[in-house]
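Observations on chain architecture
Take a look at the letters that make up each chain.
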Amino acid sequence: MIRLEGVGKHYPGAARPAVDGIDLLIEEGRTCALIGPSGCGKTTTLRMVNRLIEPSSGRIVVAGRDVTAADPVKLRRGIGYVIQGTGLFPHLSVAGNVATVPRLLGWDRARIAARVDAMLGLVGLDPALFRDRRPASLSGGQRQRVGVARALAADPPVLLMDEPFAAVDPLERGRLQREITEILRRLRKTVILVTHDLDEAIRMGDTVAVMRDGRLVQHDRPDQVLAAPADAFVAEFLGSDRALRRLTLLTAAAACRSGERPPEGAPEVPAEASLQVALSILLGSGAEALAVVDGGPRPVGTLSLAAIRALAAGLPDPSGAVARSPPLV
Amino acid sequence: MVWAIENGDVLLEATLQHLALVGQALAISLAIALPLGILAARRPRLHGVVMALAGALYTVPALALFALLVPLMGLGQGPALVAIVSYSLLVLTRNVAVALREVPADILDAADGMGFSRGRRLLRVELPLAAPVILAGIRLTAVLQISVATVAAFIGAGGLGDLIFQGITQDHGDKVVAGAVAASLLAVAADESLRRLETRLRLATGLAG
Ligand SMILES: Nc1ncnc2c1ncn2[C@@H]1O[C@H](COP(=O)(O)OP(=O)(O)O)[C@@H](O)[C@H]1O
Ligand SMILES: [Mg+2]
């Protein structure tokens, strides 16, 4: 759990605070994507959590402990940290990099070696092939995987990530986003992910926190933010295609009227496909409804264009299709 | 040439003396420049002072500096050592500071974020990454000190400079050439061997190919 209470940062000599009284609660095991235009204070907010920057005001609680009362060096060993350029140590092997925090914590050699291999496996790098390589010989995506493995090596409950995939090529980025999200969910890490990429925020965040000029303007589930932007700024930041983006968050199975027989000759859509895919099929075929199929003998239900339209507009959702995470408190 | 062959033992002794002098000067310079450079890398004001002084000192001719030191220190090996060290110290300090400042900021940020203490970060991250540039500074300093040490014979340093000065006063051309060639060879050898070490170190730190 990470809780920010009235947290502010006023850099000396700056005309106005870079971060201005932020309240933010991220529940245990959840990822919060912190998003907003460049210079709005995302990085400053993130770096106050592990006290790389000292807050000017407010309180930050991580895993039940007030970070401002902790010894910063010890505190940081218990908080994973991933940055854009990865900051891998070029003079150490991949294994040496991943072993960094366990070494700082004084683990014994055997435990560290086993942990390094486990971590590399976790992020999809074969330990036998990668253990002894140098960061300079890796691709951008591989480096970022090592960066994540390094951050998770000592099993911190909390992870801070600052634009971790910004330097990775788009194809690899999508793959990384999916894989890392899956890992973080499975390990129940509490994560703050700073990004300026809306797709990344939606893909990876259980919640999205939108910042503007040092203030938090909205914090909600991605579908809620897309459906109901708090103000004109957020709406503009999300873009006029936000209704379409929202459809990527919902599956055909969750949005269809289950049990209802589709019209004769209706095109099929896989149950786990997103509504964006379903909409594309509908528009492409000119049909009014789709048969949602899951490989069983008969369709699981019917998905109509009208239902998609209603969901995209963020209308009350009778089927409860938007249920990726429980409501925020 | 004839002189050098007939007086091989004299030449060898002068060379060894020269090496010993430079070795001591280099060790003393390093012992001062390393901590001073580390400090300067962290304190912008000190860094500015070191940079300015190093630049200024470098433009003072070695002989002039040594002459200025004579009234303070007198003549002999000790004062010569002080003179050589003071002439090259700031150059080495500047190199150490620059080397540390060139360590990429994102690497330092990552180190801080993972919970390195200041001392540990210096030993495990900054110095290893700065090592090739620091070594380049040591190489430049060694070469500089080998040449400056010949001039330091003027205030009693001994070594190859002695042969040169003696040769000049005795109007003995061969002796001058022997001393000069030996000093040059020494400088070239130091430069080349340290350069090789530097390349190896550069590969080891993984910063440059
Ligand atoms: N160390 C610093 N000293 C002074 N001002 C800073 C410092 N770091 C960031 N700022 C300023 O604070 C504001 C927020 O910066 P930052 O948190 O990096 O934003 P973001 O990560 O959202 O791009 C910017 O106006 C930036 O110029
Ligand atoms: Mg930033």
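See above for the structure.
Residues numbered from 1 in each chain as written. Chains lettered and ligands numbered in written order. Predicted model: local features only at pLDDT ≥ 70, side-chain atom pairs only at ≥ 80, totals over all residues. Heavy atoms only, no water.

For the rest of this paragraph, the subject is the site of ligand 1. Residue and element names in this part refer to chain A. All residues in the neighbourhood of ligand 1 are listed as Tyr11, Ala18, Pro37, Ser38, Gly39, Cys40, Gly41, Lys42, Thr43 and Thr44. Tyr11 has a polar side-chain atom sitting 3.2 Å from a nitrogen atom of ligand 1. When the free accessible area of ligand 1 is taken as 560 Å², the share hidden by the protein chains comes to 54%. When grouped by side-chain class, the residues that make up the shell around ligand 1 number four nonpolar, five polar and one charged. (Near = heavy atom within 4 Å. Polar contact = N/O pair within 3.5 Å; in protein donor to acceptor, adjacent residues only side chain to side chain. Areas by Shrake-Rupley, 256 points an atom, 1.4 Å probe, with all protein chains shown as cover. Nonpolar A, V, L, I, M, F, W, Y, C, P; charged D, E, K, R; others polar.)

We now examine the pattern of salt bridges. Taken as a whole and judged by the stated rule, the model has 26 salt bridges over all chains. Salt-bridge contacts for Asp20(A) lead to Arg215(A); the nearest nitrogen and oxygen are separated by 2.9 Å. One end of the pair, Asp20(A), is in strand β2 (residues 19-26); the other, Arg215(A), is in strand β10 (residues 215-220), and 195 residues separate them in sequence. By relative accessible area, which is 27% here, Asp20(A) ends up partly exposed. Between Asp223(A) and Arg221(A) there is a salt bridge whose closest N-O contact spans 3.4 Å. Each member of the salt-bridge network shares a partner with another, and the members are Arg139(B), Asp191(B), Arg195(B), Glu198(B) and Arg202(B). (Salt bridge = Lys/Arg side-chain N within 4 Å of Asp/Glu carboxyl O. Helix = DSSP H or I, 4+ residues; strand = E, 2+ residues; numbered from the N terminus. Buried < 20%, exposed > 50% of the residue type's maximum accessible area, 1.4 Å probe, protein only.)

Here the focus is helix α2 (residues 8-42) of chain B. When the terminal C-alpha atoms of α2(B) are compared, their 50 Å separation across 35 residues agrees well with the 51 Å that a helix rising 1.5 Å per residue should span. At Ala33(B), α2(B) shows its strongest bend, of approximately 25°, with the proline Pro35(B) following within four residues. (Expected span 1.5 Å × (residues − 1). Bend = angle between axes of the 7 residues up to and from the residue.)

The next thing to look at is the interface of chain A and chain B. Contacts between the two partners involve 23 residues from chain A and, on the opposite side, 21 residues from chain B. When chain A packs against chain B, close to 1,700 Å² is buried across both sides, 62% of that on carbon and sulfur atoms. Where chain A packs against chain B, one counts one salt bridge. Notably, a salt bridge pairs Asp109(B) with Arg47(A), separated by 2.5 Å at the nearest N-O pair. Where chain A meets chain B, there are six residue pairs in polar contact (both at pLDDT 80 or more). Where the side of chain A that touches chain B is concerned, the elements lending two or more residues are α2 (72-77), β6 (79-83) and α4 (100-104) of chain A. With four residues, α4(A) is the single largest residue contributor to the side of chain A that touches chain B. Looking at the side of chain A that touches chain B residue by residue, the classes come out as eleven nonpolar, six polar and six charged. (Contact = heavy atoms within 4.5 Å. Buried area = accessible area lost by both parts, 1.4 Å probe.)

It is worth spelling out the packing of helix α8 (residues 160-169) of chain B against helix α9 (residues 173-205) of chain B at this point. Residue and element names in this part refer to chain B. At a minimum axis separation of 7 Å, α8 and α9 run at an interaxial angle of 155°. When the axis of α8 is compared with that of α9, the two are roughly antiparallel. You can see that α8 and α9 cross each other, and the crossing is left-handed. In this structure, α8 contributes Leu160, Leu163, Ile164, Gln166, Gly167 and Ile168 to the contact, and α9 contributes Lys175, Val176, Gly179, Ala180, Ala182, Ala183 and Leu186. (Axes fitted to C-alpha atoms, helices over the stretch in contact; angles between N-to-C directions. Parallel < 35°, antiparallel > 145°, perpendicular 65-115°, else oblique. Left-handed = near helix turned anticlockwise from the far one by under 90°.)

The next thing to look at is a nonpolar patch on the surface. Residue and element names in this part refer to chain B. Together, Leu63, Phe154, Phe165 and Ile168 give the surface a local cluster of nonpolar side chains, amounting to about 370 Å² of exposed area. Along the chain, Leu63 falls in helix α4 (residues 62-73). Assessed through its relative accessible area of 39%, Leu63 is described here as partly exposed. (Patch = residues over 30% accessible without salt bridge, like charges linked within 9 Å, V, L, I, M, F, W, Y side chains within 5 Å.)

Let's shift gears to the sheet that holds strand β9 (residues 207-212) of chain A. Residue and element names in this part refer to chain A. An order of β6-β7-β8-β3-β9-β10 is seen for the six strands of this open sheet, with the pairing classed as mixed. A single partner strand is all that each edge strand has here, and the edge strands are β6 and β10. The sheet shows a mean angle of 15° between the axes of neighbouring strands, direction not considered. The sheet contact formed by strand β7 (residues 158-162) and strand β8 (residues 190-195) spans five bridges and is parallel. Each residue of the ladder has a partner; that of Leu159, found in β8, is Val191. (Pairing = 2+ DSSP bridges.)

Quick look at the sheet that holds strand β4 (residues 57-62) of chain A now. All names here are of chain A. What the four strands build is an open sheet, ordered β2-β1-β4-β5; its pairing is antiparallel. The open sheet has two free edges, formed respectively by β2 and β5 (65-66), since each of these has just one partner strand. Pairing of strand β1 (residues 2-9) with β4, which is carried by five bridges, proceeds in the antiparallel orientation. Across the sheet, Gly8 pairs through a bridge with Ser57, a residue of β4. Lying over the sheet, helix α1 (residues 42-49) contacts β1, β2 and β4, oriented at roughly 120° with respect to β1.

All told, the structure shown has one cavity of 30 Å³ or more when counted by the stated rule. In this structure, the largest cavity encloses a volume near 40 Å³. Lining the largest cavity are Arg76(A), Arg77(A), Ile79(A), Gly80(A), Val101(A), Ala151(A), Ala154(A), Pro156(A), Gly113(B) and Met114(B). Secondary structure elements with two or more residues in the lining of the largest cavity: α2 and β6 of chain A together with α6 (105-114) of chain B. (1 Å grid on protein atoms, 1.4 Å probe; cavity = no way out; pocket = protein on both sides within 12 Å on 5 of 7 lines; lining within 4 Å. Points joined across faces, edges and corners; volume = space filled by probe spheres on them.)

Turning to the pairing of β9(A), a few remarks are in order. Residues and elements named next belong to chain A. For β9, the tally of buried residues reaches five of six residues, placing the bulk of the element in the interior. Relative to β9, strand β3 (residues 31-35) runs parallel, the two sharing four bridges. Within β9, the position partnered with Ile35 by the bridge is Val210. Relative to β10, β9 is paired through five bridges, and the arrangement is antiparallel. Across the sheet, residue Arg212 finds its bridge partner in β10, namely Arg215.

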